[in-house]
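An overview of the molecular structure
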Amino acid sequence: MPGTRNTGLLALGGIAVAALLTVIGHLEVNDDLSPWALTISDFAVSDRGGVIDVAMVVLALATVALLYGLRRTGPAQPDRPVELLLGAWVSGLVLAALVPTNEPGTAMTTAAYVHRYASVVAFLALPAAGWLLARRHDLSPAARTLRTLVLLSLALAAAMIWSAYPGDRLLIGLAERLLILTEVAVLATVALTQTRPRPATLRGRAIPARGASAGGPLR
């Protein structure tokens, strides 16, 4: 299905651009910020409106392209739970990009709380969507990979929560970056599956090979 392959390629391109912009955003900030101890949001607020914020919006748009492709290959009835969860991921990314957190070492503001909980919603919604996507027939080749990535992301989310509260933010930046890398890998896995060629179908059934009858094996 060429249209679906195109959405998969578009999503992969968006993911690659978002990753590149995030790396650039880390290189542009001053040397006093540690990626091990500070979150990506801490880096972004030091360069407000900069490339990290743009990267989050680009990743959200890549997810929208992926969602369009999923609609084309999915069941006749829309997969509402998956669409709602991916919509929550997209909304959380955009809101976190638009509403800044507080500067490192300063008191939390209302905007910072909005940013935090938008990020929490996004981080939880994507693994849930990935687990549901692993059950879809059109994504069956990637089912095991998706489930593995989802379980890994939940473990990293637990590590980040521990670091944020009883762990006194120990290596919270590392935990968050590994979490984001794993969750983006969920999106990339789905996008890669969409780019693979699919067998020709006729009314939902595979077209038999030349020389074979529709009702039985080749004789």
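Cut-offs and rules
- Here the residue index of a chain counts from 1 through its sequence in written order.
- For a predicted model such as this one, the threshold for reporting local features is a pLDDT of at least 70, and the threshold for listing and counting side-chain atom pairs is 80 or more; totals across whole chains, interfaces and linings nevertheless cover every residue.
- Values shown for side chains rest on all heavy atoms present in the structure; no hydrogens or waters enter the calculation.
- The way it works is that DSSP assigns letters per residue, a run of H or I at least four long becomes a helix, a run of E at least two long becomes a strand, and they are numbered from the N terminus.
- When a residue's accessible area, from a 1.4 Å probe over protein chains only, is under 20% of the maximum for its type it is buried; when over 50% it is exposed; and in between it is partly exposed.
- Axes here mean lines fitted to C-alpha atoms, for a helix over just the part in contact, with angles spanning 0 to 180 degrees between N-to-C directions.
- When an angle is under 35 degrees it counts as roughly parallel; over 145 it counts as roughly antiparallel; between 65 and 115 it counts as roughly perpendicular; any other value is oblique.
- Handedness of each helix crossing follows the sense of rotation of the near helix against the far helix: counterclockwise by less than a right angle gives left-handed, clockwise gives right-handed.
- Any two residues having at least one pair of non-hydrogen atoms within 4.5 Å are treated as being in contact.
- Note on residue categories: nonpolar means Ala, Val, Leu, Ile, Met, Phe, Trp, Tyr, Cys or Pro, charged means Asp, Glu, Lys or Arg, and polar means any other residue, Gly included.
- Joining through side-chain atoms within 4.5 Å is the link that ties buried Ala, Val, Leu, Ile, Met, Phe, Trp, Tyr and Cys residues into a set, and such a set is a nonpolar core.
- Without a salt bridge and with relative accessible area above 30%, a residue can belong to a patch; like charges are then joined within 9 Å and nonpolar side chains (Val, Leu, Ile, Met, Phe, Trp, Tyr) within 5 Å.
- Note on areas: Shrake-Rupley with a 1.4 Å probe; residue coverage comes only from the protein chains shown.
- Here, a salt bridge means any side-chain nitrogen of Lys or Arg that lies within 4 Å of a carboxyl oxygen of Asp or Glu.
- Stacked, tilted and edge-to-face are the three classes applied to pairs of Phe, Tyr and Trp rings, where Trp contributes its six-membered ring and a pair requires centres within 6.5 Å; stacked means planes under 30 degrees apart, edge-to-face means over 60, and tilted covers the rest.
- Think of it as a cone above the ring: NZ of Lys or CZ of Arg counts as a charge over the ring if it is within 6 Å of the ring centre and within 35 degrees of the ring normal.

**A few points about unusual backbone geometry**
A positive phi is found at arginine 169, a non-glycine position, where the angle reads about 60 degrees. Within the secondary structure layout, arginine 169 lies in the loop between α6 (143-164) and α7 (172-195). On the basis of relative accessible area, arginine 169 is assigned to the partly exposed category, the value being 36%. Positive phi, normally seen in glycine, also occurs at leucine 171, with a value near 55 degrees. With respect to the secondary-structure elements, leucine 171 resides in the loop between α6 and α7. Residue leucine 171 is classed as partly exposed on the basis of its relative accessible area of 44%.

**Concerning the packing of α6 against α7**
Remark: α6 packs on α7, axes separated minimally by 9 Å, with the N-to-C direction vectors making an angle of 160 degrees. Judged by the inter-axis angle, α6 sits roughly antiparallel to α7. For the pair α6 and α7, the crossing hand works out as left-handed. Side by side, α6 and α7 meet where Thr145, Leu146, Leu149, Leu152, Ser153, Leu156, Ala157, Met160, Ser163 and Ala164 of the first sit next to Ile172, Ala175, Glu176, Leu178, Leu179, Thr182, Glu183, Ala185, Val186, Thr189 and Val190 of the second. Looking at the contact of α6 with α7 residue by residue, the class counts come to 14 nonpolar, five polar and two charged.

**Digging into the environment of valine 23**
In this fold, valine 23 is placed in helix α1 (residues 2-28). In this structure, the C-alpha to C-alpha distance between valine 23 and valine 51, residues 28 residues apart in sequence, is 9.1 Å.

**Topic: the nonpolar core**
Counting 34 residues, the largest nonpolar core has Ile15, Leu59, Trp89, Leu133, Leu146, Leu187 and Val190 as the members making the most contacts within it. Only α1, α3 (51-73), α4 (80-98), α5 (110-133), α6 and α7 provide two or more residues apiece to this core. If we ignore the near neighbours within four places in the chain, the residues touching leucine 59 are Ile15, Ala18, Trp89, Leu93, Val184 and Leu187. If you look at the next biggest cluster of nonpolar residues, it comprises seven residues, including Phe123, Leu156, Ile172 and Ala175.

**Notes on a nonpolar patch on the surface**
Taken together, Trp36, Trp162, Leu170 and Leu171 make up a surface patch of nonpolar side chains, about 470 Å² in accessible area. Within the secondary structure layout, tryptophan 36 lies in the loop between α1 and α2 (40-45).

**Points about the packing of aromatic side chains**
Using the criterion set out here, one finds one aromatic pair in the structure. For the pair tyrosine 113 and tyrosine 117, a centre-to-centre distance of 6.4 Å together with 10 degrees between the ring planes defines the contact as stacked. Of this pair, tyrosine 113 and tyrosine 117 both sit in helix α5, separated by four residues, roughly a single helical turn. The exposure class assigned to tyrosine 117 is partly exposed, which follows from its relative accessible area of 48%. Lying over the aromatic face of tryptophan 131, arginine 147 brings its terminal NZ or CZ to 5.8 Å of the ring centre. Over the aromatic face of phenylalanine 43 sits the side chain of arginine 177, whose NZ or CZ is 5.1 Å from the ring centroid.

**Comments concerning the packing of α5 against α6**
In contact at an axis separation of 9 Å, α5 and α6 are set at 155 degrees when each is read in the N-to-C sense. On the basis of their axis angle, the class for α5 and α6 is roughly antiparallel. You can see that α5 and α6 cross each other, and the crossing is left-handed. Together, Pro127, Gly130, Trp131 and Leu133 of α5 and Leu146, Arg147, Val150, Leu151, Ser153 and Leu154 of α6 make up the contact between the two elements. Class assignment of the residues belonging to the contact of α5 with α6 gives a composition of seven nonpolar, two polar and one charged.

**A word on the pattern of salt bridges**
For the structure shown, the criterion picks out four salt bridges. A salt bridge links aspartate 42 to arginine 169, with the shortest nitrogen-to-oxygen separation between them at 3.6 Å. In this pair, aspartate 42 is assigned in helix α2 and arginine 169 in the loop between α6 and α7, connecting sequence segments 127 residues apart. Among the residues examined, aspartate 42 registers a relative accessible area of 7% and is labelled buried. Salt bridges sharing common partners tie together Arg71, Arg80 and Glu83.

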